[in-house]
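Each chain, letter by letter, is given below.
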Amino acid sequence: MKTINSELIRLMIKSAANNLKNNKKMINDLNVFPVPDGDTGTNMSMTFSGAQSGIADFEGGCGKMISALYKAAIRSARGNSGVILSQVIRGISIGLKGVNDGITVEDIKNAAVSAKKSAYDAVMKPTEGTILTVVRHIAEFAEENYTEFEEADEFLFALFERGSESLASTPELLPVLKQAGVVDAGGKGVMVLFEGLCYAVKNNAAIECEDDEEGAAQTVKSVDNADIKFMYCTEFIINKTKTRKTTQFTAAIKDKGDCMLVIEDDEIVKVHIHTNHPGKVIEEAIKLGELTNLKIDNMKYQHDEKLDMTDIAGKTEEKEEKAPEKYGFVAVSAGDGIAEVFHQLGVNEIVEGGQTMNPSTQDILDAVDKVNAKNVFILPNNKNIIMAAEQVNALTDKNVIVIKTDNVPRGISAMMGFDPGAEPEENAEAMTDMSGGVKCGQLTFAARDTEVDGVEIHEGDIMGLGPDGIEVVGDELSKCACELVENLVDDDSGVISVYYGAEVSEDDANALKSELEEKYSDMDVALYYGGQPIYYYIVSVE
């Protein structure tokens, strides 16, 4: 097989997505820390499945297909692993730019080299022994050896073998992996995807999806007219003449219907959507440019109804738009109690998520779009969400500022550092400084047996997570909580805040508060209902 055509590329993408879905739990279990959260496998699978759905109706050459795959991937990216994966896809799309149909050995080499560059550029401080190492070794092998291959499939299989060798070496590069006896989870995710690609090439068929949780590929079935949810099949081409971003247009119409397809090149945007409000879609489109090839079909009555564009737009419900505020806020949090705390501090929109489910870039972008403000601060409140949040600024015309809060207490503290009279840059600095003065700990349970830093941990054990990782392990929640607080308190500490979760009773929480007040009589101890899942207590000391 000297070249790989677009039809096979589509099959390879499907096979890779299915293989990742089937193996996401196995990848999750490779995470070094046994915290029961939305882990690497889940994040990578949801990212790639979202990317695959973005090319469901795509028609075009290989290069443009991968470009469309990337555009969908960056919006569905979840967690650090998902964002890095989206950047790998971005690099591949750059390497294949201009390739129509028939990917050669040299094209594959270009894609691999570009993928490595894009992945490393996305990470400020690259760590070897991770997904980045696997991508780099594949790219280096491709660049050094591509002239020895004539067949594209054989070259692809050789890259897979090199990637597998690289993955096996990750424990030697990252001591924490060697200690836990596992390979890197992100690197494994990449190789699971690669395995799916190779399977499709060898068998001219996709790996079947065995995981019903995320759902296998949907089959098309006929429906009665009464089952049609969105009546008008709306299609047109936009000749781009204005400075508005296509991503803004896509975000504005995505809730107006289904079967949406927005394909962009340098000059035009091709749009297809099933909607009950074609006029609203058209009004958003003319903010981007001039429309041609407009076609609106009434699917319910099974015949074309050519509708007058101006007549439809004239019936659009007009809304009185309020002038935007100077500042707005979006925070990521889980638990109704914590959400209420953020609202009381002035946060406009809450994105549900955290450890148990990392929200995607699109989820955060949707929240930013709802905030009627020129400058929007995002509080990720989780280190695994920061990278996804940082992608939002490029997708909106609002000035988005990410305060890199890695836990909820630091997000709350950051809000207390906000000054409505200050400029955005001054607020960013003040909020970051304020959040940095908080030490945080969390109490949860072990999801599996493992050993960390020589400490044996058994499934179900109570774990106290502090600034240095797993600091407390035991079988009594109150005792572990007191021990974790003791690790956080120092001579300069003055306030202890405790947020109790959904699985902790108010009586037990009050008992812990009394115990802490007795032990730290010279400090203020505050107790709040957080309602967060998974984590019994979140505690902060400042």
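Residues numbered from 1 in each chain as written. Predicted model: local features only at pLDDT ≥ 70, side-chain atom pairs only at ≥ 80, totals over all residues. Heavy atoms only, no water.

Colleague: How would you sum up the packing of helix H5 (residues 105-121) against helix H7 (residues 152-173)? Please name residues and give values.
Modeller: Between H5 and H7, whose axes approach to 9 Å, the crossing angle comes to 30°. By the angle between their directions, the pair H5 and H7 is classed as roughly parallel. In this structure, H5 uses Val105, Ile108 and Lys109 to contact H7, whose residues at the interface are Ala152, Phe155, Leu156 and Leu159. Grouping the amino acids of the contact of H5 with H7 by side-chain chemistry returns 6 nonpolar, no polar and 1 charged. (Axes fitted to C-alpha atoms, helices over the stretch in contact; angles between N-to-C directions. Helix = DSSP H or I, 4+ residues; strand = E, 2+ residues; numbered from the N terminus. Parallel < 35°, antiparallel > 145°, perpendicular 65-115°, else oblique. Contact = heavy atoms within 4.5 Å. Nonpolar A, V, L, I, M, F, W, Y, C, P; charged D, E, K, R; others polar.)

Colleague: Account for the sheet that holds strand E14 (residues 469-474), with residues named and values stated.
Modeller: Sheet architecture is open: 6 strands sit in the order E14-E13-E10-E17-E15-E16, paired in mixed fashion. On the outer flanks of this sheet lie E14 and strand E16 (524-529), each paired with one strand and no other. Mean inter-strand twist for the sheet, computed between neighbouring axes without regard to direction, equals 20°. Docked against the sheet, helix H18 (residues 477-488) engages strand E10 (439-445), strand E13 (462-466), E14, strand E15 (495-500) and strand E17 (537-541), running at close to 160° with respect to E10. Strands E15, E16 and E17 of the sheet are contacted by helix H19 (residues 506-519), whose axis makes an angle of about 170° with E16. (Pairing = 2+ DSSP bridges.)

Colleague: Account for the side chain of Arg244, with residues named and values stated.
Modeller: Its place among the elements puts Arg244 in the loop between strand E1 (232-240) and helix H10 (246-253). Looking at Arg244, its side chain comes within polar contact range of the side chain of Glu284, at 3.1 Å. Contact partners of Arg244, with chain neighbours within four places excluded, come to Phe249, Ala252, Glu284, Lys287 and Leu288. (Polar contact = N/O pair within 3.5 Å; in protein donor to acceptor, adjacent residues only side chain to side chain.)

Colleague: If you had to explain the pairing of strand E6 (residues 325-333) to someone new, which residues and values would you point to?
Modeller: The buried fraction of E6 amounts to 7 of the 9 residues, a majority that puts the element mostly inside the structure. Where E6 lies against strand E8 (residues 373-379), 6 bridges are found, and the strand directions are parallel. Across the sheet, residue Glu325 finds its bridge partner in E8, namely Ala373. Taken together, E6, helix H13 (residues 336-344) and strand E7 (residues 349-352) form a β-α-β motif whose crossover is right-handed. (Buried < 20%, exposed > 50% of the residue type's maximum accessible area, 1.4 Å probe, protein only. Right-handed = clockwise from strand over helix to strand, strands pointing away.)

Colleague: I'd like a rundown of the packing of aromatic side chains, residues and numbers included.
Modeller: Taken as a whole and assessed by the stated rule, the structure comprises 10 aromatic pairs. On the basis of an interplanar angle of 45° and a centroid distance of 5.2 Å, the ring pair of Phe149 and Phe155 is categorised as tilted. Ring plane angle 50° and centroid distance 6.4 Å describe the contact between Phe445 and Tyr536, whose orientation is recorded as tilted. Separated by 91 residues along the polypeptide, Phe445 in strand E10 and Tyr536 in the loop between E16 and E17 bring together distant segments of the chain. Judged by relative accessible area, which is 15%, Tyr536 ranks as buried. Joined through ring pairs, the aromatic side chains of Tyr327, Phe329, Phe377 and Phe418 make up one cluster. The ring of Tyr146 carries Lys109 above its face, with NZ or CZ at 4.6 Å from the centroid. We note Lys202 situated over the ring of Phe157; from NZ or CZ to the ring centre the distance is 5.0 Å. (Phe/Tyr/Trp six-rings, centres within 6.5 Å; stacked < 30°, edge-to-face > 60°. Lys NZ or Arg CZ within 6 Å of the ring centre and 35° of its normal.)

Colleague: Would you mind going over the pattern of salt bridges in detail, with residue names and values included?
Modeller: With the rule as written, the count across this model stands at 19 salt bridges. A salt bridge links Arg78 to Asp363, with the nearest nitrogen and oxygen atoms 3.5 Å apart. Of this pair, Arg78 sits in the loop between helix H3 (62-76) and helix H4 (79-95) while Asp363 sits in helix H14 (residues 361-370), and the two are 285 residues apart along the sequence. In this structure, the salt-bridge partner of Glu486 is Lys519, at a minimum N-O distance of 3.2 Å. Within this pair, whereas Glu486 is found in helix H18, its partner Lys519 is found in helix H19, the two being separated by 33 residues in sequence. A single network of salt bridges, built from pairs that share partners, joins Lys2, Glu150 and Glu151. (Salt bridge = Lys/Arg side-chain N within 4 Å of Asp/Glu carboxyl O.)

Colleague: Tell me about the environment of Asn31, and name the residues and values.
Modeller: On the secondary structure map, Asn31 appears in the loop between helix H1 (6-28) and helix H2 (40-53). Excluding anything up to four places from it in sequence, Asn31 contacts Asp39, Thr40, Ala185 and Arg448.

Colleague: Lay out unusual backbone geometry in plain terms, naming residues and giving numbers.
Modeller: For Asn381, which is not a glycine, the phi torsion comes out positive at approximately 60°. Relative to the elements of secondary structure, Asn381 occurs in the loop between E8 and helix H15 (386-390). Positioned with a positive phi, Ile534 is a non-glycine residue whose angle comes to about 70°. Examined against the element boundaries, Ile534 turns out to sit in the loop between E16 and E17. Given the relative accessible area of 17%, Ile534 is considered buried.

Colleague: Now, about a negative patch on the surface: what can you tell me, with residues and values included?
Modeller: A contiguous patch of negative charge on the surface is contributed by Asp419, Glu425, Glu426, Glu429 and Asp433. Here Asp433 lies in helix H17 (residues 424-436). (Patch = residues over 30% accessible without salt bridge, like charges linked within 9 Å, V, L, I, M, F, W, Y side chains within 5 Å. Areas by Shrake-Rupley, 256 points an atom, 1.4 Å probe, with all protein chains shown as cover. Lys, Arg positive; Asp, Glu negative; His and termini not counted. Charge placed at Lys NZ, Arg CZ, Asp CG, Glu CD.)

Colleague: I'd like a rundown of empty space enclosed by the protein, residues and numbers included.
Modeller: What the rule picks out here adds up to 1 cavity of 30 Å³ or more. Estimates place the volume of the largest cavity at around 620 Å³. In this structure, the largest cavity is lined by 26 residues; those nearest its centre are Val88, Ile92, Leu156, Phe194 and Leu197. Here the lining of the largest cavity is composed, by residue class, of 26 nonpolar, no polar and no charged. (1 Å grid on protein atoms, 1.4 Å probe; cavity = no way out; pocket = protein on both sides within 12 Å on 5 of 7 lines; lining within 4 Å. Points joined across faces, edges and corners; volume = space filled by probe spheres on them.)

Colleague: Account for the nonpolar core, naming residues and giving values.
Modeller: Residues Ile4, Ile9 and Phe48 are the most contacted members of the largest nonpolar core, which totals 68 residues. If sequence neighbours within four positions are ignored, Ile9 has contacts with Ile4, Cys62, Met65, Ile66 and Ile103. Ranked by size, the runner-up nonpolar core spans 31 residues in total, among them Val341, Ile401, Leu465 and Ile534. (Core = buried A, V, L, I, M, F, W, Y, C linked by side-chain atoms within 4.5 Å.)

Scope: geometric values only; no functional claims are made or implied.
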